[in-house]
Amino acid sequence: MNPMRALPLMLGWLLVVLLAMAGPVQAQQADTDGQTANATLANLLENEETRRQLIEQLRGMAEASAGEPSPEETPAASLPRQLAEITSRVANDIGGQLVNALDVLRTMGSGDLDSAFDMEAFTSATINLGLVILATLVLFIAFRRTAKPLFTSISQWSLNGAGLTPVLRLIICVALAALVDVLIVALAYLGGNLLATFAIGETGELSTRASLFLNAFLVIELLKAGVRMLFASRYEGLRLLPISSDEASYWNRWIARLIGLIGYGLMVVVPLVNVYVSPALGQSLGTLIMFGAFIYAVAVVMKNRLRLRDAIDSKAHQATMAASRISLQLFARTWHLFALAYFVMVLVVTLTRPVDALPFVLFATLKTIAAVVVGLLLSSFLTQTIGRRIPLSDDLRRKLPMLEARLNSYVPNALRVIRTLILVVVTMLVFNAWGAFNLTAWYASEAGSTLVGKLFSVAVILVFAIGVWLALASLIEHKLNPETGGGVPSARAMTLLTLFRNALAIALVTITAMIVLAEIGINIGPLIAGAGVLGLAIGFGAQKLVQDIITGVFIQVENAMNTGDVVTVGGVTGVAERLSIRSVGIRDLNGTYHIVPFSSVDTVSNYMREFGYHVGEYGIAYRESIDDAIIVLREAFDELAGDDEHKMNILAPLEVSGVTALADSSVNIRVRIKTTPGTQWSTGRAFNRLVKLHFDAKGIEIPFPHTTLYFGVGKEGEAPPANLRVMQQPFDINGRPGGQPRSGESSRAGEEDPRSKPNPEFKGDFDED
């Protein structure tokens, strides 16, 4: 990015930070002014004369301001005026700092500094301080090298350990490494104090300059230890941020330089310059150090803007959840804005609050880093613990086959809600750290405590409702499971339990929504009354719907039909594929799907109750023997009962009702086969096939329609001649084609049937002469 293009952005951030820091700056100035005013007021009240003058002045001011409007009368103008005054005051403070720095530089150039400067004392102090610095750093480096194998072992256990989740191992190892790092810093600090007290300078006395350095060393190295917790460029298993070693080394080195520049500059160099050279020069030097650090930080941020954006984008594409992916993509494009805002805020705080700027920035930064890191670790821990899949035991999975899938379906939504809450809490903690939001006061207020209480109550209600739904739905599935619920459930039980589960879901959602609305402060009384009136109106206006529901309830209670039954309902015959509280879905033989409302059902014909019958009527010719035909029918049934495919479907022996009709061309014999429900049709088809085969084998004729030809009559009563001839052998004397003798009979030997001779007057086709 072009630095000139970044200038308006930095100015905008500067204005935002000035407004954000207006409250803390005003509070600090108010405290300082209040302390001075209290002291002055106490001095004035001690003197009788000055007390009388103060009373007169106050009365005059009250009379002069009697006609002016109060601040409450002009609320619209008070806030902009107040912001303008605060912004102007902060800008004047920064401008004053810059002017003082320029004045000191001009003074140094003209040689008008304090002439009391003692060069010999300054040289001695510099040498002693250099020895303290050298000894402390040597001790620190020696301790770090000694602890290197320990850091390596902890890192290896973090990478390759077992028994805990990776996030827990990482947290434990980072905590152990941080503890060792803090101990190393403390030992180096203690060793430096001992050397500075007993080996360098006056024995038994710790000089102020050595104390300044050692305190700065303790604070700065603790900050660097915190940075090493995040990056840990040399130990991959101790790195909290998921970045490469090169990236970690780069950012660790850059942040360490920045911390060292600001820390040692403001905590060591500036106080020493104030003591040994000039306070004005020390203040100006501090301003220059902050501006130099600010320019250096901005340059590094803008240099790495695109590179870090691409790295975060690659992490976003690896995210499994949509919310994390979108959040990382947004952060990739705006991370430099947050970094610039942070450095602008640090600069403004340092320039406007020079007395306590460094401790404030230090603790605010530490709180911010701690809140963000804890939020990220907590989110990662939740993802690794429950974010992938919650496995159940084999026995529980066998008893409740749908519980695992249903439980895991709630996990992504629960993680989104929890991550949103974590983000909100982290944001509030960051604002609280920088003084832009008082979290403690907000929570202690009525609005804050009420909001937190309502959110907690709503969360408890939702968790309880989900738990009730999981328990009841799992109980229903347990009853429907053939392996655990007492055998294969009946169709009626399956239908009723399915309807009960749907009704339970609707009722639970409605009740939970009502309770949640009431909990967040919405009056549900009018809502319930309106629902009642609406239900009454629907009841009058949708009588068919009410009739559908009432009839459906009674059909289910009476077990008239269930899913999978073959029924005739409303004139439609087919398989009932779907049953609801209002209608039934039927698939007929042609595959057509019919939806029949229960209000149009007056009769339910169910073919699937307990048993079924195949009822068949078989016609034989009048010349056939009825007893022989019945015997053949029984033989066909015996063959059917011995078939492996159909014998399990037959429940009773063949029932022969006898002759049911002497029809025009046949004698009808009725038989009935008792079968299991639903198999009467397949059994009947198989029996019909066997009857035909057995009748053919026994020569029993099954009549078929005969046609009589009538050629018409003329006006004189004569019939037109019809010369016909038969092209194949005619019937024998017993009426059978081809001269086959009837069963049990034989044709007379050597006797020719006169009908076996071809008749020249008959032809195969109906041809006219």
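Computed from a predicted structure; not experimentally measured.

Colleague: Tell me about the overall build of the protein chain, and name the residues and values.
Modeller: Looking only at helices and strands, the protein chain features 22 helices and eight strands. Within the protein chain, buried positions represent 32% of all 769 residues. Accessible area for the protein chain stands at about 46,000 Å²; split by element, carbon and sulfur atoms hold 64% of it.

Colleague: Before we move on, can you summarise the pattern of salt bridges with the specific residues and values?
Modeller: In total, this model carries 13 salt bridges according to the counting rule given. Residue Asp181 pairs with Arg144 through a salt bridge whose shortest N-O separation is 2.9 Å. Placement of Asp181 in helix α7 (residues 166-198) and of Arg144 in helix α5 (residues 119-146) is noted, with a sequence separation of 37 residues between them. Note that Asp181 and Arg228 form a salt bridge whose closest N and O atoms lie 2.8 Å from each other. Of this pair, Asp181 sits in helix α7 while Arg228 sits in helix α8 (residues 208-230), and the two are 47 residues apart along the sequence.

Colleague: Requested: an account of the packing of helix α6 (residues 148-160) against α7, with residues and values cited.
Modeller: Contact geometry of α6 with α7 gives a least axis separation of 9 Å together with a crossing angle of 170°. Between α6 and α7, the angle falls in the class roughly antiparallel. Together, Leu150, Phe151, Ile154, Trp157, Ser158 and Leu159 of α6 and Arg169, Leu170, Cys173, Leu176, Ala177, Val180, Asp181 and Ile184 of α7 make up the contact between the two elements. Among the residues forming the contact of α6 with α7, the class breakdown is eleven nonpolar, one polar and two charged.

Colleague: Report on the environment of Thr573, specifying residues and quantitative values.
Modeller: In this structure, Thr573 sits in strand β2 (residues 572-579). Taking relative accessible area as the criterion, Thr573 reaches 40% and is therefore assigned partly exposed. A sequence separation of 33 residues divides Thr573 from Asn606, and the C-alpha atoms of the two residues are 9.6 Å apart. Residues within four places of Thr573 in sequence aside, it is in contact with Val567, Thr568, Ile586, Asp588, Leu589 and Tyr607. At 2.7 Å, the side chain of Thr573 and the side chain of Thr568 are in polar contact.

Colleague: Explain the sheet that holds strand β1 (residues 566-569) to me, using residue names and the numbers behind them.
Modeller: A sheet is described by the order of its strands in space; here five strands give the open sequence β4-β3-β2-β1-β5, paired in antiparallel fashion. The sheet terminates laterally at β4 (593-597) and β5 (604-606), the two strands that pair on one side only. With direction set aside, neighbouring strand axes in the sheet form an average angle of 45°. Relative to strand β3 (residues 583-587), β2 is paired through four bridges, and the arrangement is antiparallel. Considered in β3, the bridge of Val575 is made with Arg587.

Colleague: Could you give an account of α6, with specific residues and numbers?
Modeller: With 13 residues, α6 extends 18 Å from end C-alpha to end C-alpha; this agrees with the ideal 18 Å at 1.5 Å per step. Turning to α6, its buried residues are Phe151, Ile154, Ser155 and Ser158. For α6, the angular spread of buried residues about the axis comes to 100°, placing them on one side. Exposed residues lying more than 90 degrees from the buried face of α6 are Pro149 and Asn160.

Colleague: Outline the nonpolar core, listing residues and values.
Modeller: A general tendency of soluble globular proteins is for nonpolar side chains to be buried together. By size, the foremost hydrophobic cluster in this structure holds 75 residues, and its most contacted members are Phe151, Leu238, Phe343 and Trp434. Among the elements that line this core, the one with the most residues is helix α12 (residues 322-352), at twelve residues. Apart from residues lying up to four places away in sequence, Phe151 is in contact with Arg144, Ala177, Val180, Asp181, Ile184, Tyr235 and Leu238. With 21 residues, the next largest nonpolar core counts Ile620, Leu633, Leu654 and Phe687 among its residues.

Colleague: I'd love a proper account of the confidence of the model for the protein chain, names of residues and values included.
Modeller: A low pLDDT means the predicted coordinates there should not be read in detail. Of all residues in the protein chain, 69% have pLDDT values of 70 or greater, and the mean over the chain is 74. When pLDDT is averaged over each helix and strand of the protein chain, the minimum, 43, is found for helix α1 (residues 3-20) and the maximum, 93, for strand β8 (residues 667-675). A low-confidence stretch, residues 69-79 stays under pLDDT 50, and its non-local contacts, those more than four residues away or across chains, total one contact.

Colleague: If you had to explain α8 to someone new, which residues and values would you point to?
Modeller: With 23 residues, α8 ought to run about 33 Å at 1.5 Å a step, and its terminal C-alpha atoms sit 34 Å apart, in line with that. Within two residues after α8, Ala232 carries a phi angle of roughly 45°, on the positive side.

Colleague: Mind laying out the environment of Asp602, listing which residues take part and the relevant values?
Modeller: Checked against the element boundaries, Asp602 lands in the loop between β4 and β5. Sequence separation of Asp602 and Thr551 is 51 residues, and the distance between their C-alpha atoms is 9.5 Å.

Colleague: Would you mind going over the sheet that holds strand β7 (residues 655-662) in detail, with residue names and values included?
Modeller: The three strands lie next to each other as β6-β8-β7, forming an open sheet whose pairing is antiparallel. One side of each edge strand has no neighbouring strand; the edge strands of this open sheet are β6 (612-620) and β7. Pairwise comparison of adjacent strand axes, ignoring direction, gives a mean angle of 25° for this sheet. The pairing of β7 with β8 spans six bridges and is antiparallel. Looking across to β8, one finds that Glu655 is bridged to Arg672. Contacts from helix α21 (residues 626-641) reach β6, β7 and β8, with the element oriented near 25° to β8. The strands that helix α22 (residues 680-698) touches are β6 and β8; relative to β6, the one it contacts most, it runs at about 25°.

Parameters at a glance
- Residues numbered from 1 in each chain as written.
- Predicted model: local features only at pLDDT ≥ 70, side-chain atom pairs only at ≥ 80, totals over all residues.
- Heavy atoms only, no water.
- Helix = DSSP H or I, 4+ residues; strand = E, 2+ residues; numbered from the N terminus.
- Buried < 20%, exposed > 50% of the residue type's maximum accessible area, 1.4 Å probe, protein only.
- Areas by Shrake-Rupley, 256 points an atom, 1.4 Å probe, with all protein chains shown as cover.
- Salt bridge = Lys/Arg side-chain N within 4 Å of Asp/Glu carboxyl O.
- Axes fitted to C-alpha atoms, helices over the stretch in contact; angles between N-to-C directions.
- Parallel < 35°, antiparallel > 145°, perpendicular 65-115°, else oblique.
- Contact = heavy atoms within 4.5 Å.
- Nonpolar A, V, L, I, M, F, W, Y, C, P; charged D, E, K, R; others polar.
- Polar contact = N/O pair within 3.5 Å; in protein donor to acceptor, adjacent residues only side chain to side chain.
- Pairing = 2+ DSSP bridges.
- Expected span 1.5 Å × (residues − 1).
- Arc of directions from axis to C-beta.
- Core = buried A, V, L, I, M, F, W, Y, C linked by side-chain atoms within 4.5 Å.
- pLDDT = per-residue confidence, 0-100.

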